[in-house]
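Residue-level structure breakdown
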Amino acid sequence: MNVLDETIARIAALQSRGEGCFDEGLFPAQRTNRLIGYQRPDTTVFFTAVIVFTLQKLKPFLSAVSQRVVDEIAQKGVQNYPKFRNKDGLKTYNFWKTTPSKHFPNGHVFRHFEHFRIPDDTDDTAMIYLTSAPTREEVLWLKEKLSLHANGTKQFIQNTYPEYQPLKGYSTWFGKNMYIEFDACVLANVLYCIYEYNLPINQHDTDSLKYIRLVIETDRYLNQPFRCAHQYPRTVPIIYHVARLMGAFVISELEPIREKLITDTQHLLQKPLSILDEICLKTSLMRLGIKGVPEARIPVSSADFEGFYFFIAGLLTAYENPLLYRMAISPLFQMRWECEAHCWTLVAEYLALRQIG
């Protein structure tokens, strides 16, 4: 068994068999704030959906044994999706269980307050659509639903740079009274779904692409990543998501930033990085068409993932008060999500791409 097969087997071994608070098929995760010693098991669907998505895309390049393992992982994971579906039966999805609602699961404080009950979001919904074989009717319905909650349809975004406020891009959130938010990584995932299912392109799509292009062209994603992606507020995940989109589809609106994205990524790789940041950046270079990317360090145990987080929740992000928004960037007011299985999935993705050159 080679390293890639061993890594796929590790991922499968981490999928819940119904232990503790994790339903069978979910991948265990935890939300943390290490500054205050906070750590709770979290039963979000997000990691399960993104792991299934990544492994399904890798499947053609895996051994027959690992392909069977991926099929089993996907079957067990997808069976959980109905628990996270919109509480009124619509085909959108929530980060947490909806029937009954379980926001901030296993928490002691936030779960008691309606204020912290989040609406369905476009990120989880896109990932679930990408991994659950929806019908044409369903994806066309989703396209219309996205438009109904886009910037400028009912209200305009406040928490972005003034010159981006007129863009009619997609918001991170569904929900009738929810504020509008632009996040470069969420937009990349939503657009991946739209291009994957060959849906008609409109101004919401082109303005979402324009937002991604602008935050990269202006260096804002390097200097102020939190303002470019509230849920993924670091440069590395922004590069990873945009490169994944560009690696899968030829999108004319993004081609002007290809060389800059490559150059910026190569410059970042000259700095001290965690193992997983290095892996994400080298995966991104391969996605962007670079040959002969130097080999990355490969983790040998979960200790190599210590402190790595893919996305966050900013507890003050929603507030439009300028002082509170400035405070929102502080790690003290953020929760970070960690998932060992997703870390190994990023490793598997790198190994598979390196294998196929």
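This one's a predicted model, so the numbers in the text were calculated from it and none came from an experiment.

Quick notes on the rules
- Residues numbered from 1 in each chain as written.
- Predicted model: local features only at pLDDT ≥ 70, side-chain atom pairs only at ≥ 80, totals over all residues.
- Heavy atoms only, no water.
- Core = buried A, V, L, I, M, F, W, Y, C linked by side-chain atoms within 4.5 Å.
- Buried < 20%, exposed > 50% of the residue type's maximum accessible area, 1.4 Å probe, protein only.
- Helix = DSSP H or I, 4+ residues; strand = E, 2+ residues; numbered from the N terminus.
- Contact = heavy atoms within 4.5 Å.
- Expected span 1.5 Å × (residues − 1).
- Arc of directions from axis to C-beta.
- pLDDT = per-residue confidence, 0-100.
- Phe/Tyr/Trp six-rings, centres within 6.5 Å; stacked < 30°, edge-to-face > 60°.
- 1 Å grid on protein atoms, 1.4 Å probe; cavity = no way out; pocket = protein on both sides within 12 Å on 5 of 7 lines; lining within 4 Å.
- Points joined across faces, edges and corners; volume = space filled by probe spheres on them.
- Nonpolar A, V, L, I, M, F, W, Y, C, P; charged D, E, K, R; others polar.
- Polar contact = N/O pair within 3.5 Å; in protein donor to acceptor, adjacent residues only side chain to side chain.

**Quick word on the nonpolar core**
Across soluble globular proteins, nonpolar side chains have a tendency to be buried as a group. The biggest cluster of nonpolar side chains holds 108 residues, and the ones touching the most others in it are Ile11, Phe47 and Tyr211. For this core, the element with the highest residue contribution is helix α6 (residues 184-196), accounting for eleven residues. Every residue in contact with Ile11, bar those within four places of it in the chain, is listed here: Phe27, Ile51, Leu55, Ile73, Ala341, Trp344, Thr345 and Ala348.

**Some words on helix α14 (residues 340-356)**
Taking 1.5 Å per residue, 17 residues should reach 24 Å; α14 reaches 25 Å between its end C-alpha atoms and fits that length. At the exit of α14 stands Gly357, carrying a positive phi of roughly 75 degrees.

**Topic: the environment of Leu199**
Within the fold, Leu199 resides in the loop between α6 and α7 (203-217). As a C-alpha pair, Leu199 and Leu140 span 59 residues in sequence and 7.1 Å in three-dimensional space. The residues contacting Leu199, other than those within four sequence positions of it, are Arg136, Val139, Leu140, Lys143 and Ile194.

**Side note on helix α3 (residues 64-78)**
An ideal rise of 1.5 Å per residue puts 21 Å on 15 residues; α3 measures up with 21 Å between its terminal C-alpha atoms. Along α3, the positions that sit buried rather than exposed are Ser66, Val70, Ile73, Ala74 and Gly77. One face of α3 carries all of its buried residues, which in axial projection span an arc of 95 degrees. As for α3, its buried residues are in contact with α1 (3-14) and α2 (46-58).

**Quick word on the confidence of the model for the chain**
In the predicted model, the chain carries a mean pLDDT of 91, and the fraction of residues at 70 or more is 89%. The low-confidence segment residues 111-115, where pLDDT is below 50, has four contacts with residues more than four positions distant or belonging to other chains.

**Some words on the packing of aromatic side chains**
Any aromatic ring pair is given by two values, namely how distant the centres are and how the planes are angled relative to each other. According to the stated counting rule, one finds 19 aromatic pairs in the structure shown. Taken together, a centroid distance of 4.8 Å and an interplanar angle of 70 degrees make the contact between Phe46 and Phe311 edge-to-face. Of this pair, Phe46 sits in helix α2 while Phe311 is found in strand β3 (residues 311-314), placing the two residues 265 residues apart along the sequence. Given the relative accessible area of 2%, Phe46 is considered buried. Between Tyr192 and Phe249 the ring centres are 5.0 Å apart and the planes differ by 75 degrees, which places this aromatic pair in the edge-to-face class.

**Details of empty space enclosed by the protein**
Inspection of the entire model under this criterion finds one cavity of 30 Å³ or more. Counted as a void, the largest cavity has a volume near 80 Å³. Residue composition of the lining of the largest cavity, grouped by class: four nonpolar, four polar and two charged.

**Considering the side chain of Thr54**
With respect to the element layout, Thr54 can be found in helix α2. According to the relative accessible area criterion, Thr54 is buried, its value standing at 4%. Of note is the side chain of Thr54, whose polar atom sits 2.8 Å from the backbone oxygen of Val50. Those residues in contact with Thr54 that lie beyond four places of it in its chain are Arg244, Thr345 and Glu349.

**Quick look at unusual backbone geometry**
Positive phi is not limited to glycine here, since Asn198 has a value of about 50 degrees. Residue position: Asn198 is located in the loop between α6 and α7. One non-glycine residue, Asp219, lies in positive phi territory at about 70 degrees. Here Asp219 lies in the loop between α7 and α8 (220-223).

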